Amino acid sequence: MSKLILVTGGSRSGKSNFAESLCINRRNSTAYIATSIPFDDEMKDRVRKHKESRPSNWKTYEIYKDIYSIISDINKKHKTVILDCVTLLVNNLMFEYKLDFDNCTPQETNEMESYIKDQIYKLIREVEKTDLYFVMVTNELGMSLVPDNKLCRVYSDIVGRINQYIAKCADEVYFVVSGIPMKIKE
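A brief structural summary. The written sequence of each chain sets the order in which its residues are numbered from 1. Reporting of local features is limited, given that this is a predicted model, to residues whose pLDDT is at least 70; pairs of side-chain atoms are given and counted only at 80 or more, and all residues count toward the totals for whole chains, interfaces and linings. Side-chain metrics rest on all non-hydrogen atoms present in the structure, leaving aside hydrogens and water.

## Things to note about the nonpolar core
In this structure, Ile33, Ile67, Leu83, Phe134 and Met136 are the most contacted members of the largest nonpolar core, which totals 38 residues. By the convention used here, residues are in contact when the closest approach between their heavy atoms is within 4.5 Å. Setting aside its immediate chain neighbours within four residues, Ile33 contacts Tyr61, Ile63, Ile67, Ile71, Ile74, Val81, Ile82, Leu83, Asp84 and Phe134. The set of buried Ala, Val, Leu, Ile, Met, Phe, Trp, Tyr and Cys residues whose side-chain atoms join them within 4.5 Å is what this entry labels a nonpolar core. Only protein chains enter the accessibility calculation, which uses a 1.4 Å probe. A residue is then buried if its area is under 20% of the maximum for its type, exposed if over 50%, and partly exposed in between. Counting residues in each nonpolar core, the second largest holds 16 residues, with Val7, Cys23, Trp58 and Val176 among its members.

Laid out in structure tokens, this is it:
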């Protein structure tokens, strides 16, 4: 039987370090699902630092789309999985969808959100079929001002609803602030 853990918090809150520590403490074969696309020097440096900080024996899978399609294979090789992070996964799927956010209709944004939700729903359904200890990292975007532009509002709304869904499905949820994790669902 799988166990799904969600780790959330603000940017630079220490959520990735905490999530990694949950996996390290299990002392078994770990898969790291990286959802970022390093498109500039800053992002490349960030990815490099993340890689250097995690154990060298972890197997990295760089993927953000159709992640559900590799879960069965990961389950054959690993007992623990960390997915870092949901917010980048949503970001990448949004931009792959290629909407003109300044001119799109609510119907178009709803269709895009349905596509993204389907990706997450399928992923969680596949995880539930396994015995994996599966940790998902996400950013909590709903604690600040509502963005002043449509693209950021759509992104924030979708991430918020995706986070709510994952939290509802999760066995445990942690909120990390200033490097301090607080269990908010058990």
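From this point, the narrative continues.
## Observations regarding empty space enclosed by the protein
It is a probe the size of a water molecule, rolled over the atoms, that shows where empty space is left. Each cavity reported here is a set of points on a 1 Å grid over the protein atoms alone in which a 1.4 Å probe fits but cannot get out, each pocket an open set with protein on both sides within 12 Å along at least five of seven lines, and each lining residue one with an atom within 4 Å of a point. Grid points are joined across faces, edges and corners, and a volume is the space filled by probe spheres set on the points. With the rule as written, the count across this model stands at one cavity of 30 Å³ or more. As for the largest cavity, its lining consists of Tyr64, Ile67, Leu89, Leu93, Gln119, Ile120 and Leu123. In this description a helix means any DSSP run of H or I spanning at least four residues, a strand means any run of E spanning at least two, and both kinds are numbered starting from the N terminus. At the level of elements, α4 (86-97) and α5 (106-128) are the ones that each hand at least two residues to the lining of the largest cavity. By residue number, the principal contributor to the lining of the largest cavity is α5, which donates three residues. Three classes are used: nonpolar for Ala, Val, Leu, Ile, Met, Phe, Trp, Tyr, Cys and Pro, charged for Asp, Glu, Lys and Arg, and polar for all others, with Gly counted as polar. Here the residues of the lining of the largest cavity are counted per class, giving six nonpolar, one polar and no charged.

## Re the sheet that holds strand β7 (residues 180-185)
Two strands qualify as a pair provided that DSSP identifies no fewer than 2 bridges between them. Within the open sheet, the seven strands sit side by side as β3-β2-β4-β5-β1-β6-β7. Their pairing is mixed. Looking at the sheet topology across the chains shown, the edges are occupied by β3 (59-62) and β7. Shown here is a sheet whose adjacent strand axes are inclined to one another by a mean of 20°, direction ignored. As paired elements, strand β1 (residues 3-9) and strand β6 (residues 172-177) share five bridges and run parallel to each other. Paired with Leu6 across the bridge in β6 is Val173. The axes used here are C-alpha line fits, helices contributing only the stretch in contact, and every angle between their N-to-C directions lies in the interval 0 to 180 degrees. On top of the sheet, helix α1 (residues 15-24) reaches β1, β2 (30-34), β4 (80-84), β5 (133-139), β6 and β7; it is set at about 175° to β5, its chief contact.

## Quick look at the packing of α4 against α5
In contact at an axis separation of 10 Å, α4 and α5 are set at 135° when each is read in the N-to-C sense. On the basis of the axis angle, α4 is oblique to α5. Here α4 runs over α5; the crossing is right-handed. Contacts between α4 and α5 involve Leu89, Val90, Leu93, Met94, Glu96 and Tyr97 from the first element and Glu108, Glu111, Met112, Tyr115, Ile116, Gln119 and Ile120 from the second. Across the contact of α4 with α5, the residue classes tally to nine nonpolar, one polar and three charged. Comment on the angle field: the value is read as roughly parallel under 35 degrees, roughly antiparallel over 145, roughly perpendicular from 65 to 115, and oblique elsewhere. When the near helix sits turned anticlockwise from the far one by under a right angle, the crossing is termed left-handed; a clockwise turn instead gives a right-handed crossing.

## Observations concerning the pairing of β3
Where β2 and β3 come together, four bridges link them in parallel fashion. Across the sheet, Ala34 pairs through a bridge with Glu62, a residue of β3. Each parallel crossover has a hand, and for β2 linked through helix α2 (residues 41-53) to β3 it is right-handed. When the strands point away from the viewer and the path from the first strand over the helix to the second turns clockwise, the crossover is right-handed.

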